[in-house]
Each structure stands twice: as C-alpha cells, then as structure tokens.
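Coordinate analysis (summary)
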Amino acid sequence: MTRFWELMTALLVVLFTSISVSHAVNLETYQFDDPSKEALFRELINELRCPKCQNQSIADSDAPLAKDLRDRTYLMVQQGATKQEVVDYMVARYGDFAHYRPPVKLSTIVLWVGPGLVILIGAIVIIVRVRQQQPHEAELSDQEREQLAALQSTKQDKQHG
Amino acid sequence: MGQTNRLKWLVLALPLIAFLWLTIFLLRGLFSDPTELSSALVGKPVPQFSLPDIYDPSTTYTEAVLKGRPMLLNVWATWCPTCRAEHAYLNHLSRQGVYIVGLNYKDDSRAKAVDWLNTLGDPYQLNLFDERGLVAIDFGVYGAPETFLINAQGEVMYRHVGDVNERVWATILGPQYDALMQEFEQAGEQP
C-alpha cells in the first residue's frame, strides 16, 4: 500500500512539474536593478492579456506578440512609467480587452455588477420562498379558545384520575 | 387574489426570461469569432511613425503618407499563409484603382519580402517596412493579415482582421471605401 502512495505522489509531482515547465516563459532576460520595478513588471505582465492568444496573460504566452508586449512593458517600466501609464498605453492600442481588469463603464458594466446581481436575485428568491413556507400562527376566536381550554382540562382530569 | 396571482406568475417567469436571455447570449457566442476585436483606434488619427521603404532603406515615410485620400492599409508578412491567400485579391483591387498601402510586419528578412512582391505582384502604392513590429503595436495589430480603412483626414475608420476576399470586399470593406471616396470627391469639387 505504501508503494502505491509513493507511486501516486511521484506521478503527481511529475504531472505538475511538466505542466509548469511547458508554460514557463523565459523571463530571465529581463534584468532589474530596482526590485520595486521588477515587482511592477511582474504584476503588469500577469494582468495584461495577450491579444493573440486570448486566454493567456502576456506573461504566460509564447506568442511573438506577447514577447513584443513584454519587451515594451519592460522598456516602459525601466523608464519609470507608472502602472496606470503602461495599462493606458496597452488599452489605447488594443482596447479594454488588453487588461484583465476592465474599467467600469457602460460596455463593461455587466461584468462588474452581473455576478452580484445574480447572487442578490437568488437571495431574494430564497428569502421570499422561506417566508411563504412558514406556517401562519392560527388565530383563534374566543369561542375556540374556550373549547381548547375545556379540552385541555378534561385531558388533565383523565391523566390524574 | 388576482393581484397576487399575477405577481406569482411574474416571479415564476423571471428565471425563464433570464434563462432564455442567457441561451441567446451563449448561442450568439457560438457563432461569433472571438478573434474579431474592434480596433481601439477607430475614429482616431493614425499613430505617428517613421518607417523605411521596403525597397529602398534610405527613404523613410511618416504618418503623413496615410493622409490626403481614402485608402486601405494592409498589414502583411511572408510568414503568413493567409496573406498569400489574399494577395491575388489585393492585386485585383489595386487594378480596380483602390489605393492600398502595405505595412510589412516583422518579416523574416527584407529580401524575402521584396522577393514576394516581385514574384506575386505589388498591389501597394507605398510599402512600409516595420522590421521590429513597433509601429504595428501602435496600430494595435495582433496578427496578419489585418486591413485598416483610413479616411482622407488620416483617421482609422475600420479594421478588418483576416483576409480580404470578394465576400469581405462586397459586404464590409467595399461599401465603406466607396462611401469615403464619394465624400472625398465631393469635397474636392467644392473648394
């Protein structure tokens, strides 16, 4: 049994390392003297979307265009550009599409409020339904109350008797 | 009682409406091409640049060459199979008098690109050579071929991704180009 688990662990390790190797993009060429600039560069290339291979950031993509955009980001960061300046540069050329955090505006509003709205509607539906299912407390008329008291007293009498 | 009944139906219908809307939305997604992004440059002037001529490296052009009349700017490269597919049609358009400027995008070598033009024909009035693809980035190019429609004021009016063929010209690019030409010629008649 321990052999089995050793094997499975080894298999998992191989599986995961192979995945990360196949996705690794060579970032060694980007050298920084300033660690804060390096951090900004890494943050940016993970947030900017490759226009060519649409579900990858430019950090993940092997496409030549992604490399060009990484080069451009590197150049701008080295020249002291702020995060917003680099993002604006990319968005001006490739549209809001180029940034994984689109700005809040009319064409992107569904992206921002959509999930919240769905949760809100779900919560309202649940609350309304639960309230409807709660049994209403029976309203007794005076006559019914007397009857109830009478019944209860006879029951008690029987138990004692 | 009628009031609450109607409300009940409305509440019941809401998920159905939401479901139908989502179905239509997703169904449309099935048939749309995700690579067809509208250009961020539409309605804006072409970016500034300075690029050499493809035949003659000593000649350089600026963005001024993309002003003065309606035209197409075709982004191409010899490594791009679709560019080869559309080339014959570009030659055809050029013979019809359509003004096309070529932007060679990150080609393997200048010699290879020139050789392509010499053997397959040169439909371009001007040939820009963007060796490193820097100007292409300014245009928001993310592949080849791409074709930009530019008006006489040097503003990008439309960007077409993929090859230009008879269908694309007849339905998308041609009508817009013709409209721009008409506008341009009318403006020329009334100085």
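About the criteria used
Residues numbered from 1 in each chain as written. Chains lettered and ligands numbered in written order. Predicted model: local features only at pLDDT ≥ 70, side-chain atom pairs only at ≥ 80, totals over all residues. Heavy atoms only, no water. Disulfide = S-S within 2.5 Å. Buried < 20%, exposed > 50% of the residue type's maximum accessible area, 1.4 Å probe, protein only. Phe/Tyr/Trp six-rings, centres within 6.5 Å; stacked < 30°, edge-to-face > 60°. Lys NZ or Arg CZ within 6 Å of the ring centre and 35° of its normal. Salt bridge = Lys/Arg side-chain N within 4 Å of Asp/Glu carboxyl O. Helix = DSSP H or I, 4+ residues; strand = E, 2+ residues; numbered from the N terminus. UniProt positions renumbered as here; feature names shortened; annotations may be inferred.

**Section: the state of the cysteines**
Residues and elements named next belong to chain B.
- Applying the stated rule across the entire model yields one disulfide over all chains.
- In this model Cys80 forms its disulfide with Cys83; the gap between the sulfur atoms is 2.2 Å. Taking the torsion about the S-S bond as the criterion, the Cys80 to Cys83 disulfide, at about 90°, is right-handed. Cys83 shares its class with Cys80; the two are buried.

**Re the packing of aromatic side chains**
- Applying the stated rule across the entire model yields 12 aromatic pairs over all chains.
- Here Trp169 of chain B and Tyr177 of chain B contribute two aromatic rings whose centre-to-centre distance is 5.7 Å and whose plane-to-plane angle is 50°, an arrangement assigned as tilted.
- Owing to a relative accessible area of 13%, Trp169 of chain B belongs among the buried residues under this scheme.
- A connected cluster of aromatic rings, assembled from ring pairs, spans Tyr30, Phe32, Phe41 and Tyr74 of chain A.
- Positioned above the aromatic ring of Tyr89 of chain A is the side chain of Arg93 of chain A, whose terminal nitrogen or guanidinium carbon lies 3.7 Å from the ring centre.

**Quick look at the pattern of salt bridges**
- This structure, assessed with the given rule, holds eight salt bridges over all chains.
- Note that Lys83 of chain A is salt-bridged to Glu47 of chain A, the shortest N-O span being 3.1 Å. Placement of the pair is Lys83 of chain A in helix α4 (residues 83–94) and Glu47 of chain A in helix α2 (residues 35–47), with a sequence separation of 36 residues.
- A salt bridge links Lys106 of chain B to Asp68 of chain A; the shortest N-O distance between them is 2.5 Å.

**Topic: the UniProt feature "transmembrane region" (unreviewed entry) in chain A**
- Mapped onto the present numbering, the UniProt feature "transmembrane region" (unreviewed entry) falls at residues 109–128 of chain A.
- A helix fraction of 100% and a strand fraction of 0% characterise residues 109–128 of chain A, whose end C-alpha atoms lie 27 Å from each other.

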